[in-house]
Protein chains: 4
Amino acid sequence: MNCFNVRTDLALEARESIEETAGEVRGITVEEDYREKSEVRITKVVIETKNGAKAMQKPMGTYITLEAPGMQEPDEGYHREIAEEIAHILKQLIPEAEKEKPILVVGLGNREVTADALGPGVVDNLFITRHVVREYGKAAYSREQMNLISGIVPGVMAQTGMEAAEIIKGVVEETNPEVVVVIDALAARSTRRLNRTVQITNTGIQPGSGVGNHRNALTKESLGVPVIAIGVPTVVDAATIVNDALEKVRRENADAGVEKFPSLPGGALNELNNMYVTCKDIDETVKRLSFMLSEALNMAFEIA
Amino acid sequence: MNCFNVRTDLALEARESIEETAGEVRGITVEEDYREKSEVRITKVVIETKNGAKAMQKPMGTYITLEAPGMQEPDEGYHREIAEEIAHILKQLIPEAEKEKPILVVGLGNREVTADALGPGVVDNLFITRHVVREYGKAAYSREQMNLISGIVPGVMAQTGMEAAEIIKGVVEETNPEVVVVIDALAARSTRRLNRTVQITNTGIQPGSGVGNHRNALTKESLGVPVIAIGVPTVVDAATIVNDALEKVRRENADAGVEKFPSLPGGALNELNNMYVTCKDIDETVKRLSFMLSEALNMAFEIA
Amino acid sequence: MNCFNVRTDLALEARESIEETAGEVRGITVEEDYREKSEVRITKVVIETKNGAKAMQKPMGTYITLEAPGMQEPDEGYHREIAEEIAHILKQLIPEAEKEKPILVVGLGNREVTADALGPGVVDNLFITRHVVREYGKAAYSREQMNLISGIVPGVMAQTGMEAAEIIKGVVEETNPEVVVVIDALAARSTRRLNRTVQITNTGIQPGSGVGNHRNALTKESLGVPVIAIGVPTVVDAATIVNDALEKVRRENADAGVEKFPSLPGGALNELNNMYVTCKDIDETVKRLSFMLSEALNMAFEIA
Amino acid sequence: MNCFNVRTDLALEARESIEETAGEVRGITVEEDYREKSEVRITKVVIETKNGAKAMQKPMGTYITLEAPGMQEPDEGYHREIAEEIAHILKQLIPEAEKEKPILVVGLGNREVTADALGPGVVDNLFITRHVVREYGKAAYSREQMNLISGIVPGVMAQTGMEAAEIIKGVVEETNPEVVVVIDALAARSTRRLNRTVQITNTGIQPGSGVGNHRNALTKESLGVPVIAIGVPTVVDAATIVNDALEKVRRENADAGVEKFPSLPGGALNELNNMYVTCKDIDETVKRLSFMLSEALNMAFEIA
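No experiment lies behind these values; they were computed from the predicted model shown.

1. Some remarks on the relation of the copies chain B and chain C
Two copies of one chain are present, and they are related through a rotation about an axis combined with an axial shift. The transform that puts chain B on chain C rotates by 180° and translates by 0.0 Å along the axis, for an RMSD of 0.1 Å. The operation mapping one copy onto its partner corresponds to a two-fold rotation axis. No C-alpha of chain B lies nearer the rotation axis than that of V277 of chain B, which sits 2.1 Å from it. Same-surface contact between copies: 100% of interface residues of chain B are shared with the interface of chain C.

Right, here's the structure in full:
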């Protein structure tokens, strides 16, 4: 079994997989930080070289992960302290976000599938200002500076017959944002990461990522403007969960001196294709996380 | 009071208003037909000249209206016989619709406002084929011919910060449909027309039309391809209803020999701005009409 | 024309109608208060006698109205200051609400009709605790006192085949709350009151009230426990709007010395039956008001 | 490992588990039938004795299962032929369903979680007649006989603070249906059964069944009237999938002569508690299955 084949959208998990098998890899730097107040662990993985990108199976760029175990529990609000950390990171990744700037926020995913509805939920809660500033000027908000925020939920291919990337590309060409921020529900490798991890990257969205497996890229190359992607893992691929459990048994077999360990026959997990694992209370979780992320964006764009 | 100021999206009503005040107008032809079997009255208004367009306050082109009193009542299905009439008309307006042809269906309006959710509802029920035909060929459907149907619900400006027209323009440029079909909930002048009238026109969508008052056009000029618009009136402007009631009283006053008839002071109806009148069972009505229209489109595109 | 026939669910408006025609009425006391900080006008109407009830066409009891012009505008939150005033009033009407007490919150209305979706929206946002306290005790919330809050959205008769009152009665008998709080969207007489007025009464819900015209009562008599009703007018009956406009013209006619003023023939407004007037941005308004009311309830029940 | 611990709501799968380990069991009869036309396999399992019930871990009664591989694929309609088979079975289980009879249909599950939204979807599409027949008599439908159909979606405990069973009990006592039909999304043991199997039983709903793990029973004992339960498996418990994969490996180990096979340490799968596996296109599947079941009910109740 090849661990690299186990699917994960998280750079953090990809790095762990590599370390397990190959040890440290050149071209990848890692910084960790723990914020006492918000109880958030922040890990910054930078893939600096093509070798690093190949090892990680992710493009070169910066991947910042926030881990907050409390995130998946209801609090009396929406985890404002975590939203503030996210806003802080976003401001670093979006250059000069305080200036008047047109920003398009894209909510990827399928509104009709609970675990995939994170992106649409964020756009639903977002403070949209582009049309007002264009018609009345920033004075409408009694502010000295006001970004022009627009938002779109492109839907999924089964609903539209189009790749989300086709729709976004057209909208970007027509409305000329300077930055695109994409929100998506992700697949993790481990259930322990579900709903308590936020990944923010300046590399955009890669083909094959997300709960819905987007086939086309949303990147600076494809859209012509910087693309920040924000994701939260809400599912694990069903085959991944089974593979990981088998791998545990295999190791214990090895430790116990069992030599012959029969693998599952090829294709034994085929029936798990297109299936994923998610939590029973995913509806409340996605509702809460959507609200937290939309507040983080509102703060980062300084409109709330 | 100027009847022409009373807002209606229906060419049929615009013509009636003109006839009431000005009699027959040159440059406008009208044909009527009654289908016994489906109990549908079909009126074809063609605006042939610029003068006609000016009088009607609508652009030159063909406007076909189906009136079916039964349409607003639940039937045991979805009024298949009316759907068939609509499909028949669409086939005439979409040249060679039987050939393999990329068609984009746009569901205008606000999914969150019941009376304005007709367009989104139609796209939700539509048989979407573009992605399948592009990936597997028409053979995927065991058909000799198969149109490539895509669909989009652009949302409204308060949700996206963008004009629906901006989004559609971008999507059309990126995905190259040969025809665009736009569905929208309309405003009628008379409550008698609500939910029992379908207007089909080859002139697209004009600025200021629809329940949500779209400000930008969706026309052949703006999109570069033919635009068929299908609309059902689901609301009446609140000011229109009051004006019409006052007009009735005024006429009776005149008949009764009352000379001085004080008008409402200017601005008396201002508080009715941005208000509309709709039916209490609008949820069931819009659900049923959406399904009827989506079936009509499926038939017209020969995919059901 | 009999002004009393004009439909309103607001005691405030009923009293105004009476004063216009009959002057002050015995058995009705009125207190007004203006809160500078929150910019809220609070009017307390108490109907103390059967005569007062007859004149007002509303049952004896206390009706407290909050008028806040700002309420219908988006604020950067959800009008917390108004929510606090509502919570304060609720605490007075719910005796000893601070004690551990089972309270059932009912969200009346039709979730599928935007203007009628206020009640369902409030229950969706409410902090529900009954099941947790029953299973783990109030210790689950680290509180000394914790009310047991349950919530239900009974739907409307077209969806369920049952009166909301039948469903609520059964649920009350089975789960034994000590108080029932009912939330409903109301019909006002004047568009000026829409979405900026909250009525709180200890008389429950009367037959024929609400956007959906509930036919059965939800009162202490019918349910056996005190019923607090909270309503916000989101619609005006279409016939009411026309009647009021005609009445204005009629008065000006009278002032201008016109003697014969022809009424509309009986039944002229029949086509407006079952139609109502609402605002174009009713989706955002109802979303915001639902959230404000659910926060007010959370505060009143001391669980947030 | 004890196969009996593997959770399944399907009597069919419970019987298979038993046969694997214990062979045929007394007190359980099985009849199979294959319908060529509709390509549906129908299996009728009757648990006739307490011993049988104990072995099956299901109460005594009749369990009819329809297996239709085509069911999970879109067809050009909604699989009318399968709906007809279901209607046929329902008519046998509901005695004299052709007579005028009050029937309450309950849509269990969580509307906000796609895989659990089957029950709510069925009630949404159902033809509700109780209120009309009660007000206007069966003449309203120009029928000689007309059942009085009511429907309710009780929601889940996290939303209401109440067990679905408490709500249903109250509603049954208040509205007196003669039969209750409960629809629920189920958990299967095998992914191969997902979305292509319908189980119909006259034993009602047992504690711990369903996607949402209902804790209270909905049975003739608890409600006082016969309860027919209709379920479609839409999920598999995550731990079950891993257990089954491990079991396969274990058997191959045994076949290969490996003696020591280390189990997973106790609690190794704890992190999979409250997690389930479902399909990526669960939104379209549940939409289609809901419609199929509501049509089956409409046919069984002879109202469509």
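2. A look at the pairing of strand β9 (residues 275-279) of chain A
For β9 of chain A, the buried fraction is high: five of the five residues fall into the buried class. On β9 of chain A, burial covers both faces: M275, V277 and C279 of chain A on one face and Y276 and T278 of chain A on the other are all buried. Where strand β8 (residues 227-237) of chain A lies against β9 of chain A, two bridges are found, and the strand directions are antiparallel. Among the inter-strand pairings, V236 of chain A is bridged to a residue of β9 of chain A, identified as V277 of chain A. Where β9 of chain A meets strand β9 (residues 275-279) of chain D, five bridges bridge the pair, whose relative direction is antiparallel.

3. Focus on helix α3 (residues 80-93) of chain B
Residue and element names in this part refer to chain B. In this model, α3 (14 residues) spans 20 Å end to end at C-alpha, consistent with the 20 Å of a helix rising 1.5 Å per residue. For α3, the set of buried residues is I82, A83, E85, I86, A87, I89, L90 and L93. Summarising the contacts, the buried residues of α3 are in contact with β1 (28-35), β2 (40-47), β3 (61-67), β7 (197-201), β8 (227-237) and α10 (282-300).

4. Regarding the pattern of salt bridges
Taken as a whole and assessed by the stated rule, the structure comprises 45 salt bridges over all chains. E166 of chain A is paired through a salt bridge with R134 of chain B; the nearest N and O atoms lie 3.8 Å apart. Separated into two different chains, E166 of chain A in helix α7 (residues 164-175) and R134 of chain B in helix α5 (residues 130-136) make up a pair that spans both. We classify E166 of chain A as buried; its relative accessible area is 11%. Overlapping salt bridges, with partners in common, bring together E13, E16, E67 and R193 of chain A in one network.

5. Details of the relation of the copies chain A and chain B
Each copy superposes on the other: chain A lies on chain B with an RMSD of 0.0 Å after a rotation of 180° and an axial shift of 0.0 Å. Residue by residue, 100% of the interface of chain A is reproduced at the interface of chain B, so both copies engage with the same surface.

6. Quick look at the interface of chain A and chain B
If you look at the interface, chain A gives 24 residues, while chain B gives 24 residues. Here chain A and chain B share an interface that buries about 2100 Å² over both sides, 53% of which is from carbon and sulfur atoms. Summed over the three residues of chain A that lose the most area to chain B, namely M162, E166 and E174 of chain A, the buried surface amounts to 26% of that side. Run the count over chain A and chain B and you get four salt bridges.

Definitions and cut-offs
Residues numbered from 1 in each chain as written. Chains lettered and ligands numbered in written order. Predicted model: local features only at pLDDT ≥ 70, side-chain atom pairs only at ≥ 80, totals over all residues. Heavy atoms only, no water. Least-squares fit on C-alpha atoms with pLDDT ≥ 70 in both. Contact = heavy atoms within 4.5 Å. Buried < 20%, exposed > 50% of the residue type's maximum accessible area, 1.4 Å probe, protein only. Helix = DSSP H or I, 4+ residues; strand = E, 2+ residues; numbered from the N terminus. Pairing = 2+ DSSP bridges. Expected span 1.5 Å × (residues − 1). Salt bridge = Lys/Arg side-chain N within 4 Å of Asp/Glu carboxyl O. Buried area = accessible area lost by both parts, 1.4 Å probe.

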